[in-house]
Every structure is written in C-alpha cells, then in structure tokens.
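Examining the three-dimensional arrangement
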Amino acid sequence: MAVMEFRKFLRDLFEGEHRKRILSSPLTYQLVERALKLARGSFPSQASYMMARFALAQTGRAFSRRVPVVWTSAFFPVEIVWGLNLCPFSPEVAAAFLASLGFAEEALDRAEQAGYSRDLCSFHRLIAGAALLGYLPPPAALVASTHLCDGAPLLFQNLAAFFRVPFHVLDVPYRADRDAEAYVAEQLAELWRALADLAERKPEPAGLAEAIQNSNRFRANLLEVNELRCRVPAPVRGSEMLNYLYLFFAGQGSREAAEVFACLAREIGRGEREGKKEERFRILWLHLKPFYKGELMDFIENKSGAVLAFEEMSHVYWPPLSPGDPFPSLARKVLSHFCYKPLEARTATVKMLAEKYRVDGIVHFSHWGCRQSVGGSLMLKDALQRAGWPVLLLDGDCLDARNEATGGILTRVQAFLEILAERKNFRVGERHDHCRN
Amino acid sequence: MITAGIDVGSLTTEAVLLQDREILAYSIVKTGSRARLAAEQAFEEVLEKAKIKFSDVSFVVATGYGRMGVPFASRQVTEITCHGRGAAFLSPRVRTVIDIGGQDSKVIRLDEQGNVVDFLMNDKCAAGTGRFLEVMAQALELPVTALGEAEREARRAAEISSMCTVFAESEVVSLIAQGVPRAEIIRGLHRAVAARTTALVSRLGLVPEVMMTGGVAKNPGVVSALSEKLGVEIFVPPEPQIVGALGAALLAR
Ligand code: SF4
C-alpha cells in the first residue's frame with residue numbers, strides 16, 4: 001500500500017455519516033496500525049513511517065480513555081506531560097491531520113456556526129469545530145502557553161468550559177531575564193503537580209528526569225539531522241520535515257520522537273536520502289505550510305526545480321535541558337524562542353539559517369490569522385532584503401483551502417523563482433515539467 | 001529574429017511581435033471564456049498586421065493568467081517578470097511599475113538593470129481593478145472607456161466610502177438618485193481606485209520613476225488621481241495594455 005493509498009484508506013475509513021464514531025473508537029486505531037504495517041515499505045523512509053506509527057498509536061491511546069489526556073498548545077513544554085506518563089494531545093496537529101484528509105471544511109463551518117470569526121487562525125477554528133463535532137479525544141485538562149500563539153489560551157479556555165475540565169495557563173513574560181525564568185519555572189512546577197492530580201498519584205521526579213533526557217536526545221538528534229542537511233543537494237525536503245509537526249508540538253520528552261530523528265540522521269548519514277538531481281533554487285521556508293491537498297507544495301518541490309533546503313521550524317534554538325534542574329531549564333527553553341523576542345532576534349536567526357543552508361531566497365508562508373508569525377513580516381522582509389536576500393511573503397492558509405486562490409499563489413511563487421533565476425543568470429520561465437524527478 | 005509575446009489576461013489578450021527590439025505590430029482582443037482561442041486570435045491578428053507567417057516567428061513566450069493554455073508558446077513567464085521587462089525596455093529609469101489589469105493589480109520594483117527585485121499582487125478582491133470600474137461604468141450607463149473623459153467636468157469628488165464592488169455599485173446608484181452630478185461620482189470612483197492602489201504601492205515602497213501599465217492606465221482620471229495621491233509624476237506609455245506582451249516578446253529567445 002503506497003503512502004497516497006494509505007491516506008486514501010484513512011480518508012475512506014473516516015468518510016461518511018459515522019465519522020464521529022469511527023474517529024473516536026480506539027479499535028479504529030488498531031485497525032489503522034495494521035494497515036500502516038502493510039504500507040510500511042512504501043513510506044518514503046523508515047523515519048516517516050516511525051513518525052506516522054507513533055502519532056497514530058498516541059491518538060489511539062488518547063481515545064482509549066485509559067489514561068488522562070492533556071491537550072497542550074503548540075509551544076507548551078510538553079515534557080511535563082510525558083514526565084507524568086499522561087497522554088499529550090496536540091489539537092493543532094489533529095487539525096492539520098483532518099485538513100490533510102480533506103475534512104477541514106466541515107469543522108471550519110461548524111466553528112463559524114458557533115460564532116468563531118473567520119478572521120481567526122484556521123488551526124483554532126478547526127480545533128473548535130472538530131471539538132464541537134466530537135472528533136477529538138475528550139481532555140482531562142487543557143494547558144496553553146501565552147508565548148508566541150496568543151490565540152491558544154483563549155481558545156483553550158473556551159474549550160475547557162465546553163468540556164467542563166480544568167484549564168491551566170503558562171504565563172510567559174516577554175523578557176528573558178532571571179526573574180522571568182524563576183516565574184516560569186515556578187508555574188511549571190505547580191502545573192506538574194496539578195497535572196499529576198489527574199492521574200491521582202504523586203508526581204515522580206524520576207519520570208520527569210527521563211522525559212528531560214528524552215527531550216535532550218530529541219534535541220541532539222535533530223541537531224545532527226540539521227547538520228547533515230547542510231549537504232547539497234538537500235537530503236531531506238522541507239515539506240517532509242514540516243510533516244513532523246507532531247514531534248515538534250507533542251513529541252518532545254518521548255522516547256519515540258527522539259528515535260525518529262535518530263533514524264532520519266542514520267538514513268541521511270548512510271546516503272539513503274538522495275537529493276534532487278537538479279536543485280535550481282534552494283529556499284529557506286518560514287512558518288508552516290498548507291496541509292490540505294493543494295498544488296502549492298507539489299509545484300514547488302516537484303515541478304519548479306526548487307527545494308526547501310531548510311525551514312524555520314526545525315531550528316534548534318534552545319539550550320540543552322538539565323535533568324537535575326528540570327523546571328528552570330524548561331523555563332529557559334520556553335523563554336529562548338527567537339520569535340518571542342524583538343524582531344531583530346528572528347531576523348538574525350533567519351539570516352544565519354539562510355547563510356548556513358546556502359539558500360537563494362526566503363519564503364515566508366504568511367498563514368491567515370497568525371499574528372505571531374505574520375505580524376512583523378513586512379519589517380522582517382525589509383531587513384532581509386537589505387541584507388541582500390530575495391524574500392517572498394506568500395499569503396495563504398495552512399488548513400482553510402477557501403482562503404487560497406491557487407492561480408494567484410502559484411503565480412507569486414513562479415514570479416519569485418523568476419527573480420531568483422535572473423539572479424543566477426538562468427533563462428527565465430522554463431517549461432517546468434523537465435524538473436520532475 | 002522575430003519573436004512574439006502573448007499576454008492572456010482575464011479580460012483582454014494582447015500579442016506583440018518584435019524584430020530587433022522594434023515593435024512590428026500588436027493586437028488586443030477580448031479574452032472571453034476560452035484563453036486558448038483568444039491567444040490564437042490575437043496571434044493571428046498580429047501576424048496579419050505585420051504580414052508575416054507563423055513560421056517566421058522564432059520564439060513565442062506566453063504570459064498572463066492564461067499563459068499555460070497557449071499551446072504554441074515555447075515558454076511561459078509570469079506577468080510580473082514580463083511587465084517589469086516591458087516597462088524597463090520602454091523607459092530604463094523606471095523603478096516602480098503599477099499595473100492595474102482587469103481583475104488584479106500589481107506593483108513591481110525594478111533595479112537599475114531593469115530586473116524585477118520585488119513585487120506585490122492583489123488578486124483577492126476586485127476593488128481597485130478594471131473590473132471595479134467596469135461595474136461602476138455600467139451603473140452610470142457609460143462605456144468604461146468614457147470614464148476618463150466624463151470626469152473632466154467635475155468640480156469636486158463625490159465621497160465613495162465602500163471599496164467593495166458590490167456595495168460601491170449601490171452607493172453609486174443612490175448618488176445618482178440624489179442628483180449628484182455624474183462627473184463628480186466618477187471623480188470619487190477614480191479617487192477610490194487611487195487610494196486602494198496607493199495602499200499597495202506604500203507596502204512595497206515608492207521609488208520613482210513610476211510607470212503605470214494595464215488597461216486602467218488608459219483612464220487619465222485614475223492616473224491623475226493616483227499621481228496626486230502618491231505625489232509623483234506617473235509615466236504612461238503610448239499603449240499601456242501591451243507592456244506584458246512586449247516583455248514576453250523580449251524574453252522570447
Ligand atoms: S498558526 Fe499562529 S495563530 Fe495559528 S496556532 Fe499556530 S501560532 Fe497560533
């Protein structure tokens with residue numbers, strides 16, 4: 001069973017009027033796991049297979065009701081949840097998954113009917129709609145961090161009221177000094193104890209230390225992958241890395257997430273990952289990508305001769321964690337995000353990555369409604385252009401295909417690639433089919 | 001060597017024939033519902049005007065939103081690159097190209113060599129495009145080509161508060177009913193288009209010299225409203241509608 005067929009299998013499985021029953025049954029995930037094993041050989045790599053298996057197993061676990069499920073927002077330090085052996089659930093990733101199967105519209109419509117404005121980020125709208133439709137595993141608690149994504153705490157608070165479960169917020173100050181670190185660390189310690197109550201047991205420091213070690217392995221393995229990705233042609237495409245969203249948002253602290261990147265590093269190291277034969281343009285990609293089945297990513301990576309050499313999401317920005325001092329080190333991790341600082345920090349990081357990965361241009365995928373990533377994008381573009389990088393701000397939507405005009409978005413990308421072509425003295429406007437490989 | 005550029009836009013399709021950097025002939029036809037037929041028609045017309053055969057043309061480049069549907073083109077290049085190239089050819093000092101077409105508007109930044117270095121494109125909304133003016137002209141019972149001339153008698157501009165094509169149309173209808181002179185309504189509409197375009201230009205940054213291309217550039221009312229709003233002189237080439245096709249013909253090698 002090929003990967004595309006596997007996705008079709010999932011689509012067919014969840015299609016129809018019994019979607020809620022099928023999506024929320026743990027049996028479904030046992031069946032899916034079997035189908036996944038059959039499809040194993042046709043995944044582009046062992047790493048991507050491992051990642052799919054891990055995410056599906058955890059989703060099945062979340063629906064099993066045997067263990068308290070904790071919904072965590074995208075940037076929350078999920079090590080805390082792994083450290084208590086609870087089941088973390090990332091609704092943002094679930095939203096991306098539903099969109100990839102083509103089920104976004106139903107949930108988005110449901111959210112709109114419930115009063116969620118269309119101006120909101122579609123991740124949040126889709127989560128709200130899917131929750132109301134009963135497509136997501138009921139949480140025992142929700143935790144959201146205030147840093148970066150300012151919509152998440154508000155949404156989670158709403159959903160906590162809907163599910164009648166506790167909501168915890170991690171309040172992250174917009175400065176990274178000692179006081180801020182102590183303040184965040186203290187909240188994390190408190191949260192850890194509060195979440196332990198869900199399982200009605202005493203929190204074990206050893207469990208947390210193990211999660212911290214796993215998170216450090218995740219970090220080290222990702223660093224190794226990132227170093228190997230300096231190779232030209234690019235051994236891993238950015239669109240594949242952006243599919244590892246689950247690991248970034250929900251996996252840090254688990255053994256499995258660390259193993260996926262260890263496997264990926266091995267695959268690259270052994271030369272099992274071949275780059276594109278013709279790599280005309282190397283692109284640094286900022287923010288996320290469309291997860292629904294559209295033409296944009298296929299065009300960029302399969303037809304245009306361009307490759308996403310690296311993406312902002314994969315950058316390791318945080319220092320190693322300390323198993324003996326978990327809360328302050330997790331606080332440092334949270335506070336060190338380069339996007340949660342004055343814009344100069346993001347600019348400097350992007351410049352560093354652009355140089356390191358020897359890219360020809362930078363594309364900022366400006367996801368509709370995401371204030372944290374889009375807010376400063378004009379100034380970011382300006383600063384990067386002044387430093388000599390061609391930049392494209394590409395307006396689009398990661399989940400809501402209705403927010404995208406395919407013709408217009410492809411024209412923008414093509415025009416941008418034409419700018420890069422002129423800079424490299426290529427003939428402008430080739431027929432693109434010859435670039436397929 | 002003779003080359004051709006075909007620009008298949010949403011409302012009109014243009015063809016330009018070029019020989020040794022001299023324009024031999026050009027044609028403009030309505031696109032209609034089938035881009036391919038429009039491209040063929042424009043091409044046949046331009047060949048006829050220049051009295052040459054298809055086989056005399058060495059290369060054809062297609063551009064515009066319908067560029068993929070031109071089977072006889074050897075390459076496709078986006079309208080952004082083509083407008084930039086065409087504008088730089090017509091006036092090498094141009095750094096900002098404002099192109100307002102039938103259904104979208106673009107602002108293009110050129111460097112000293114005439115290469116495109118940045119651009120912005122609005123294709124999400126008809127506000128401020130040729131289509132907007134066409135709908136308003138219908139409400140005013142005028143051909144769209146007469147708007148520029150009809151504005152001349154205006155002593156002031158009527159206030160048009162909505163930029164949404166649908167709402168602006170009903171605003172125009174109610175202004176007519178209130179007895180506001182047509183010329184003043186038209187001036188108001190031209191100012192509204194200029195305001196919308198200025199917002200796009202400001203996002204990219206205004207660098208003179210400025211050239212305006214596309215069908216809307218033929219409307220002197222819009223050009224002067226825009227020039228006033230931006231505070232710069234705007235250069236309009238003799239046939240602003242063919243700049244994209246001209247750029248395509250220049251790139252046809
Ligand atoms: S895209 Fe932006 S607003 Fe939406 S969930 Fe992610 S960080 Fe939050």
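So, here's what we can say about the structure. It should be emphasised that the depicted structure is a prediction, and the values quoted were computed from it without experimental measurement.

Outside of glycine, negative phi angles account for most residues, and trans bonds account for most peptide bonds. Cis peptide bonds are those with omega within 30 degrees of zero, and the linkage from V232 of chain A to P233 of chain A qualifies with 0°. That bond from P208 of chain B to E209 of chain B is cis: its omega, 5°, falls within 30 degrees of zero. The residue E209 of chain B is located in the loop between α6 (182-204) and β9 (210-213) in this model. The residue L148 of chain A is not glycine, and still its phi comes out positive at about 65°. Looking at the element boundaries, L148 of chain A is found in the loop between β3 (141-145) and α9 (151-163). Using a relative accessible area of 7% as the deciding quantity, one classes L148 of chain A as buried.

In the case of a regular strand, side chains alternate between the two sheet surfaces. Residues and elements named next belong to chain B. Judged by how many residues are buried, strand β2 (residues 12-19) sits mostly within the fold: seven of eight residues are covered. Bridge count between strand β1 (residues 2-8) and β2: seven bridges; the pairing is antiparallel. What sits directly across from V8, in β2, is T13. Across eight bridges, β2 lies against strand β3 (residues 22-30) in antiparallel orientation. Residue pairing in the sheet places L18 in a bridge with I23 of β3. The turn joining β2 and β3, which pair antiparallel and follow one another in sequence, is formed by two residues; a positive phi near 45° is taken by D20.

Residue and element names in this part refer to chain A. Between helix α8 (residues 122-132) and α9, whose axes approach to 11 Å, the crossing angle comes to 5°. Relative to α9, α8 is oriented roughly parallel. When α8 is examined against α9, the residues H124, I127, A128, A131 and L132 are found in contact with a partner set consisting of G151, A152, L155, L159, F162 and F163. Looking at the contact of α8 with α9 residue by residue, the classes come out as nine nonpolar, two polar and no charged.

All names here are of chain B. Most of strand β6 (residues 96-100) is tucked away, with five of its five residues classed as buried. As paired strands, β6 and strand β7 (residues 105-110) are joined by five bridges and run antiparallel to one another. Looking at β7, one finds that D99 is bridged to K106. Hairpin connection of β6 to β7: four residues between the antiparallel strands. With four bridges connecting them, β6 and β9 associate as parallel partners. Within β9, the position partnered with D99 by the bridge is T213.

Residues and elements named next belong to chain A. Spatial ordering of the open sheet is given by β2-β1-β3-β4, a layout of four strands whose pairing is parallel. Taken across any chain shown, the strands that pair with only one partner, and hence form the sheet edges, are β2 (87-89) and β4 (167-170). The mean angle between the axes of side-by-side strands here comes to 25°, regardless of whether they run parallel or antiparallel. The pairing of β3 with β4 spans four bridges and is parallel. By the bridge assignment, S145 is partnered in β4 with L170. Along the sheet face, α9 touches β1 (69-72), β3 and β4 and points at about 170° away from the line of β3.

All names here are of chain A. All told, the structure shown has 24 aromatic pairs over all chains when counted by the stated rule. Between Y174 and Y340, the ring centres sit 5.2 Å apart and the planes meet at 85°, which makes this aromatic pair edge-to-face. Linking Y174 in the loop between β4 and α10 (178-198) with Y340 in the loop between α16 (326-335) and α17 (343-356), this pair joins segments that are 166 residues apart in sequence. Site record: aromatic cluster; members linked through ring pairs are F6, F9, F43 and Y49. Sitting above the plane of the W318 ring, K333 keeps its charged end 4.6 Å from the centroid.

Another point: the sheet that holds β3 of chain B. All names here are of chain B. With mixed pairing, five strands are arranged side by side in an open sheet as β3-β2-β1-β4-β5. One side of each edge strand has no neighbouring strand; the edge strands of this open sheet are β3 and β5 (75-76). On top of the sheet, helix α8 (residues 243-251) reaches β1, β2, β3, β4 (57-63) and β5; it is set at about 140° to β1, its chief contact.

We now examine the state of the cysteines. Structurally, a disulfide amounts to a covalent bond that connects the sulfur atoms of two cysteines. Residues and elements named next belong to chain A. Under the counting rule described, the total for this entry stands at zero disulfides over all chains. Its sulfur unpaired, C398 is 7.4 Å from the next cysteine sulfur, which belongs to C121. With relative accessibility at 0%, the residue C398 sits in the buried group.

Right, let's get into the interface of chain A and chain B. Contact residues are listed per partner, giving 22 residues for chain A and 26 residues for chain B. Overall, the association of chain A and chain B removes approximately 2000 Å² of surface from exposure, summing both partners, and the carbon and sulfur fraction of that is 45%. For R85 of chain B, the salt bridge goes to E422 of chain A, with nearest N and O atoms at 2.6 Å. Our count for the chain A to chain B interface comes out at ten residue pairs in polar contact (both at pLDDT 80 or more). Breaking the side of chain A that touches chain B down by element, the ones donating at least two residues are α19 (377-386), β8 (391-396) and α20 (406-423) of chain A. The biggest single contributor to the side of chain A that touches chain B is α20 of chain A, with nine residues. By residue class, the composition of the side of chain A that touches chain B is eight nonpolar, six polar and eight charged.

Cut-offs applied
Residues numbered from 1 in each chain as written. Chains lettered and ligands numbered in written order. Predicted model: local features only at pLDDT ≥ 70, side-chain atom pairs only at ≥ 80, totals over all residues. Heavy atoms only, no water. Helix = DSSP H or I, 4+ residues; strand = E, 2+ residues; numbered from the N terminus. Buried < 20%, exposed > 50% of the residue type's maximum accessible area, 1.4 Å probe, protein only. Pairing = 2+ DSSP bridges. Axes fitted to C-alpha atoms, helices over the stretch in contact; angles between N-to-C directions. Parallel < 35°, antiparallel > 145°, perpendicular 65-115°, else oblique. Contact = heavy atoms within 4.5 Å. Nonpolar A, V, L, I, M, F, W, Y, C, P; charged D, E, K, R; others polar. Phe/Tyr/Trp six-rings, centres within 6.5 Å; stacked < 30°, edge-to-face > 60°. Lys NZ or Arg CZ within 6 Å of the ring centre and 35° of its normal. Disulfide = S-S within 2.5 Å. Buried area = accessible area lost by both parts, 1.4 Å probe. Salt bridge = Lys/Arg side-chain N within 4 Å of Asp/Glu carboxyl O. Polar contact = N/O pair within 3.5 Å; in protein donor to acceptor, adjacent residues only side chain to side chain.

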